[in-house]
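# Residue-level structure breakdown
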Amino acid sequence: MRSGYGFRGGFALMKTPNYRQQAARRRLMVICAVLGLALASGLIGTLTSPKAAVVAKITTGPFSYFPHQ
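What you are looking at is a predicted structure, and each value in this text was computed from that prediction instead of being measured.

## A short note on the overall build of the chain
A count of helices and strands for the chain gives two helices and zero strands. Accessible area for the chain stands at about 7,600 Å²; split by element, carbon and sulfur atoms hold 67% of it.

Shown next, in the form of structure tokens:
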């Protein structure tokens, strides 16, 4: 039986992640990718949106999508 006080030299071998750990890692990567895409699109949307002064002059009503006769 080995003694717990003995000197162990060298690097310990790493265990290969099991299927559950790999699935959790993939799920986390997908969630991070979706959140990153949402953040990037929100940033692009705020940078390309018109200024507040221009938006205040535009008036829309319930019939603004129909052509005027």
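## Overview of helix 1 (residues 19-48)
The end-to-end C-alpha distance of helix 1 is 43 Å, a good match for the 44 Å that 30 residues give at a rise of 1.5 Å each. Little of helix 1 sits out of view: just one of its 30 residues are buried.

## Details of the environment of Thr-46
Of note, Thr-46 is situated in helix 1. Engagement of the side chain of Thr-46 in a polar contact is seen with the backbone oxygen of Leu-43, the distance being 2.8 Å.

Rules and cut-offs
Residues numbered from 1 in each chain as written. Predicted model: local features only at pLDDT ≥ 70, side-chain atom pairs only at ≥ 80, totals over all residues. Heavy atoms only, no water. Helix = DSSP H or I, 4+ residues; strand = E, 2+ residues; numbered from the N terminus. Areas by Shrake-Rupley, 256 points an atom, 1.4 Å probe, with all protein chains shown as cover. Expected span 1.5 Å × (residues − 1). Buried < 20%, exposed > 50% of the residue type's maximum accessible area, 1.4 Å probe, protein only. Polar contact = N/O pair within 3.5 Å; in protein donor to acceptor, adjacent residues only side chain to side chain.

Honestly, it's all geometry; don't read function into it.
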